[in-house]
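# Fold and geometry: a report
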Amino acid sequence: MEKEIRFQCPVASRCGGCQLGRMSYREQLDAKQAWVNELLRPYCRVEPMIGMEDPFHYRNKTHAVLAGDRRGNVFSGVYRRGTHEVVPVEHCLIENELADRIIGTVCRLMRSFKIRPYREDARQGLLRHVLVRTAHVTGQVMVVLVSAKPLLPCKNDFVKALLAAHPEITTIVLNVNDRATSMVLGKRDIVLYGPGTIEDELCGRTFRISPQSFYQVNAIQTEKLYRKAIEYAGLTGKETLLDAYCGTGTIGLCAADRCAKLIGVELNPAAVCDAVHNAQRNGIEHARFFCDDAGRFMLRMAAEKRPLDVLLMDPPRAGSDENFLRAVCTLRPARVVYISCNPATLARDLKTLTAHGYRALRATPVDMFPCTEHVETVVLLSKGEVDSKKIRVEFSLEDMDMSEFQDGATYPQIKEYVLEHTGLKVSNLYISQIKRKCGIEVGKNYNLPKSEDSRQPQCPQEKEKAIREAFKYFGMI
Ligand code: SAH
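As a starting point, this report considers the structure included with it.

Rules used throughout
- Residues numbered from 1 in each chain as written.
- Predicted model: local features only at pLDDT ≥ 70, side-chain atom pairs only at ≥ 80, totals over all residues.
- Near = placed C-beta within 6 Å.
- Helix = DSSP H or I, 4+ residues; strand = E, 2+ residues; numbered from the N terminus.
- Buried ≥ 20, exposed ≤ 12 C-beta atoms within 10 Å, placed from the backbone.
- Pairing = 2+ DSSP bridges.
- Axes fitted to C-alpha atoms, helices over the stretch in contact; angles between N-to-C directions.
- Contact = placed C-beta atoms within 7 Å.
- Left-handed = near helix turned anticlockwise from the far one by under 90°.
- Nonpolar A, V, L, I, M, F, W, Y, C, P; charged D, E, K, R; others polar.

## Some words on the site of the ligand
Around the ligand sit 16 residues, and of these F214, Y245, G247, L267 and A294 come closest. Where the shell around the ligand is concerned, the elements lending two or more residues are α6 (250-255) and β11 (261-266).

Here you go:
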């Protein structure tokens, strides 16, 4: 790789988006590698980071904040780090160049159509942000105009003028965000032109991307990352594969022809809709996608003792959670491929997994975000030989709150009702005891005595009465 690639960005010091922009690309890769090596040192050796040949203009999603000056000019930029002050940016070294040009045109058209940018402090004006998504392989382009109100003056003429300037645009969406929030997008999308979604290809598969779904921002590196993850998964065609935190299903669907059954779980409903569509679009019939919290979903899989051979997990920056990791250790898939965009939370979660019998065998960082401090890493873990007694004690489902999966009110709802009506605090154990007395299904493993002679505290009469009242209130008895 070229040793001396340098990034000379005129707004670097004010923008703050490229924390490593002052380093040469080689230095950036070395710094990131050292960081990952350090964090993963207790677990496994780290292979050399996969960098980019050309680390410029890789971002396929460009977000610009709209703002205005006193003379009525509209400009676009980014928030200065940690503030809501807009730093004007016309050309960015890491964003897609066509996207930058489109955003420039939107600003000019806003001035000629007298559409004001939204001012957060005064809560006045209309357009807040522009989001442009470009598809790497198909070349399709989506423009999302984020508006404080569900309207755009002279809508048809505005759309016509934007398309005339950039015929590459394949869809335009008006997103309505009327809340005082730091979230860019609101919930409502109004399609102004085209299908409202774009399609792109990764590893030979076609994927639909909607305005609200997560899609990896660097397509070139995503393919390298996915190939590495699929290599680590060691699939033979017979496995049940779970793609957890699956977004639009991309990684699982890229691996689908190497497994017998694919399950995906994702919290964002729009992404799940895209995932279901993407499975159909690629003729994949053995995939099922679920909209749920990944931790809760895994607990249910563990409670139902569903077979799982290989787990691919790709959580957000915060990493995974305790429910999820505990359920992994209960289900014990032979291999876990952990894809992480934050080495710090990755190291934290590896500590839990390796403490319970998993061994980290290989790790490869992939530079998905040149110039920034962010690093993506993929780690292969394998189920080691473990002391099964220890697993049973520490990960038995007895301690897990499975209440979300039962009929009637949840345990927290019952507790809240009891506290509000009687001032008494009741435990999960007491609730499950009274459920059992009332003949309500408790879930096979929930708070069963550990052995016949084990002594559990028994629910006092006063609390039993209060819990029964709550059951009646929620129509459970
Ligand atoms: N694997 C996908 C997406 C990874 S990003 C890809 O490569 O494109 C992480 C995803 O986790 C996002 O789609 C986000 O919506 C989802 N997510 C965040 N918290 C979650 C949770 N608690 N349960 C399930 N999915 C979650």
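This is not the end of the story, as more comes after the structure.
## Some remarks on the pairing of strand β16 (residues 376-383)
Among the eight residues that make up β16, six are buried, leaving the element largely enclosed by the rest of the structure. Where strand β14 (residues 335-340) meets β16, six bridges bridge the pair, whose relative direction is antiparallel. The residue bridging Y338 from the neighbouring strand is V379, located in β16. Bridge count for strand β15 (residues 358-366) against β16 is eight bridges, and the pairing is antiparallel. Along β16, the bridge assignment pairs P365 with T377.

## Topic: the sheet that holds β14
Pairing is mixed in the open sheet, where seven strands are placed in the order β12-β11-β10-β13-β14-β16-β15. Here the strands that pair on one side only, and so sit at the sheet edges, are β12 (287-291) and β15. The mean inter-strand angle of the sheet, taken between neighbouring strand axes irrespective of direction, is 15°. Here helix α7 (residues 269-281) sits on the sheet in contact with β11 and β12, set at roughly 170° to β12.

## Thoughts on the packing of helix α3 (residues 97-112) against helix α4 (residues 155-165)
Between α3 and α4, whose axes approach to 10 Å, the crossing angle comes to 145°. In terms of crossing hand, the pair formed by α3 and α4 is right-handed. Residues T105, V106 and L109 of α3 lie in contact with α4, whose contacting residues are F158, A161, L162 and A165. Considering only residue class, the contact of α3 with α4 consists of six nonpolar, one polar and no charged.

## Structural notes on the sheet that holds strand β4 (residues 127-134)
Strands sit in the order β3-β2-β1-β4-β5-β6-β7 across an open sheet of seven strands; the sheet is mixed. Pairing within the sheet leaves two strands with one partner each, and these edge strands are β3 (86-88) and β7 (188-193). Each adjacent strand pair in this sheet contributes to an overall mean axis angle of 35°, direction not counted. The pairing of strand β1 (residues 61-68) with β4 spans five bridges and is classified as antiparallel. Residue pairing across strands places H63 opposite L131, the latter belonging to β4. Docked against the sheet, α3 engages β1, β2 (74-79), β4, β5 (141-147) and β6 (169-176), running at close to 150° with respect to β4.

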